[in-house]
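Structural features, examined
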Amino acid sequence: MYQEFTESRYNFEECTKCTVCTAFCPVLQANPRYPGPKQAGPDGERLRLRDPNFFDESLKYCLNCKRCEVWCPSEVKVADLIQSARLKYDSSPIKLRDRILASTDFMGKLARPVAPVVNVVTGLPLAKSAMDAMLKIDRHRTFPQYSASSFEFWLKRRHKEQALFDEQVAYFHGCYVNYNYPQLGKDLVKVLNALGIGVQLLDGEKCCGIALISNRLTKEATRNARHNVAVLEKAVEKGLKVVTTSSTCTLTMREEYPSLLGVDNASVRESIIMATRFIYEKLEHGATLPFRSDFHKRVAYHTPCHMQRLGWGIFTEKLLRMIPGLELVVLDSACCGIGGTYGFKKENYKTSQSVGEALFEQIRSVNPEVVACDCETCKWQIEMSTGYTVQNPISILAEALSTE
């Protein structure tokens, strides 16, 4: 049964051992303890199907950036093979740290009422040292700030005015927008309203589950996935598109629900779309936006790894080029190294920073006013490691609109 599932989902038997995935793996170049995607993925799977004892714990060093899948000429789902093996064969106890890092909804709800205090405490050197010693969360890592009010609360108060628009979309905002940075959600509402489109909340969305998957909390991730598919189905049945602003949430819901969790999302998959692509296609078909005449900004665009896996970075790039007064520099393809919760862990921190160094150097050499990126964890990594401000392309677009 497992062999049949693996072959149909991951296509590992099509691996020709060309080692292209190995050449493009950012972790292998930074961490010699990682065997590389070919050995950890297709080669290892052939052995693991014969005997689970062939599982190698070094698979935990995989970032799940999916660059191996982007470059594989045979379209083998190499990263999914590796993550699936970790979920199926790794029987080591799950650490308290990993449960905390993976519980984004729970931690967001816990932190929001006392957000100012949490933000101050997590920035204190003493608190960082304590977390380093007790939880093995590296003391050098900067934590994202929490918001004292949620995006859901803000949009619920505007439900009636949003319902007045003839065209409607549902918005999967994710944990980051709801608990850390509601402004991104507000920016999306501003842009879509300018296009004559109202924005609805989904009926009780949960975390997409990527952090749960990465930390082997399979049952919790599967529960979230099934819940979200049911919630998305309600929106799709109403004829709504589901727009997103996180490349990782999007990839998880579209690709990893069926491939890693075995959750059927066929009824909703094609209705889940990044907001940048959705808006670009609207403008391409004749819609217009009221751009400011005095807007000027030099922007460097970093395409997140998961956006590359989706193949949708081109839509963000073209959308940014539509903004009058915006000077765009598209950065060379490179991984930032954070890998979600991966870069917070003490054992991965040096690898995470080493992987991202080529990107950090590019940004310094370009010296933009702001870096554009569709991924919130890339934002945290780049801002911490370079000092440059990172904005979601939707926020840059909203800033370029006239308020008259």
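Here goes a summary of the coordinates provided. All values reported here derive from a predicted model rather than from experimental measurement. (Residues numbered from 1 in each chain as written. Predicted model: local features only at pLDDT ≥ 70, side-chain atom pairs only at ≥ 80, totals over all residues. Heavy atoms only, no water.)

This paragraph deals with the overall build of the chain. A count of helices and strands for the chain gives 22 helices and eight strands. For 404 residues, the compact-globule estimate of 2.2 N^0.38 gives 22 Å, and the C-alpha radius of gyration of the chain, at 21 Å, lies within 12% of that figure. Taking the principal axes of its C-alpha atoms as reference, the chain extends roughly 65 × 50 × 40 Å. When each of the 404 residues of the chain is scored for burial, the buried share is 56%. (Helix = DSSP H or I, 4+ residues; strand = E, 2+ residues; numbered from the N terminus. Rg over C-alpha atoms; globule rule 2.2 N^0.38 Å. Buried < 20%, exposed > 50% of the residue type's maximum accessible area, 1.4 Å probe, protein only.)

Attention shifts here to the side chain of Asp187. Relative to the helices and strands, Asp187 resides in helix α13 (residues 182-194). No salt bridge is formed by the buried Asp187. Its closest oppositely charged neighbour is Lys190, at 6.2 Å. Setting aside residues no more than four positions away along its own chain, Asp187 makes contact with Ile394, Ser395 and Ala398. (Lys, Arg positive; Asp, Glu negative; His and termini not counted. Salt bridge = Lys/Arg side-chain N within 4 Å of Asp/Glu carboxyl O. Contact = heavy atoms within 4.5 Å.)

Let us look at the sheet that holds strand β6 (residues 326-330). Taking strand neighbours across the sheet as the criterion, the four strands line up as β6-β5-β7-β8 in an open arrangement whose pairing is parallel. Sheet topology places β6 and β8 (390-391) at the edges, where each strand pairs with a single neighbour. With five bridges connecting them, strand β5 (residues 297-302) and β6 associate as parallel partners. Note that in β6 the partner of Lys297 across the bridge is Leu326. In the packing of helix α19 (residues 313-321) onto the sheet, contacts are made with β5, β6 and β7 (370-373), and the angle to β6 comes to roughly 155°. (Pairing = 2+ DSSP bridges. Axes fitted to C-alpha atoms, helices over the stretch in contact; angles between N-to-C directions.)

It is worth spelling out the packing of helix α17 (residues 275-284) against α19 at this point. How two helices pack is summed up by the angle between their axes together with the distance between the axes. Two elements in contact, α17 and α19, have axes separated by 8 Å at closest approach and are oriented at 55°. In terms of orientation, α17 and α19 fall into the oblique class. For the crossing formed where α17 meets α19, the hand is left-handed. Across the interface between the two elements, Thr276, Arg277, Ile279, Tyr280, Glu281 and Leu283 of α17 pack against Phe315, Thr316, Lys318 and Leu319 of α19. A class-by-class count of the residues in the contact of α17 with α19 yields five nonpolar, two polar and three charged. (Parallel < 35°, antiparallel > 145°, perpendicular 65-115°, else oblique. Left-handed = near helix turned anticlockwise from the far one by under 90°. Nonpolar A, V, L, I, M, F, W, Y, C, P; charged D, E, K, R; others polar.)

The next thing to look at is the nonpolar core. Counting 66 residues, the largest nonpolar core has Leu192, Val243, Ile279 and Ile396 as the members making the most contacts within it. When sequence neighbours within four positions are dropped, the list of residues in contact with Ile279 reads Leu188, Val191, Leu192, Leu195, Leu319, Ile394 and Leu397. (Core = buried A, V, L, I, M, F, W, Y, C linked by side-chain atoms within 4.5 Å.)

What follows covers α17. Listing the buried residues of α17 in full gives Ala275, Thr276, Phe278, Ile279, Tyr280 and Leu283. One or two residues past the end of α17 sits Gly286, with phi positive at roughly 110°.

Among the surface-exposed residues, Val114, Val117, Val120, Val121 and Leu124 lie close enough to one another that they form a single nonpolar patch of about 400 Å² accessible area. Tracing the sequence through the fold places Val114 in the loop between α7 (104-111) and α8 (115-121). When its relative accessible area of 41% is taken as the criterion, Val114 is described as partly exposed. (Patch = residues over 30% accessible without salt bridge, like charges linked within 9 Å, V, L, I, M, F, W, Y side chains within 5 Å. Areas by Shrake-Rupley, 256 points an atom, 1.4 Å probe, with all protein chains shown as cover.)

Our next topic: the environment of Leu212. Within the secondary structure, Leu212 sits in helix α14 (residues 210-214). Separated by 129 residues in the primary sequence, Leu212 and Thr341 have C-alpha atoms spaced 9.7 Å apart. Sequence-distant contacts of Leu212, that is, excluding residues within four places in its chain, are made with Ala102, Leu217, Glu220, Ala221 and Asn224.

Residues Val370 and Ala372 point to one face of β7 and Val371 and Cys373 to the other, with burial holding for every one of them. Pairing analysis gives four bridges linking β5 to β7, with the strands arranged parallel. Bridging from a neighbouring strand, Tyr301 pairs with Ala372 of β7. Of the pairings in the sheet, the one linking β7 to β8 comprises two bridges and is parallel in character. Across the sheet, residue Ala372 finds its bridge partner in β8, namely Gln391.

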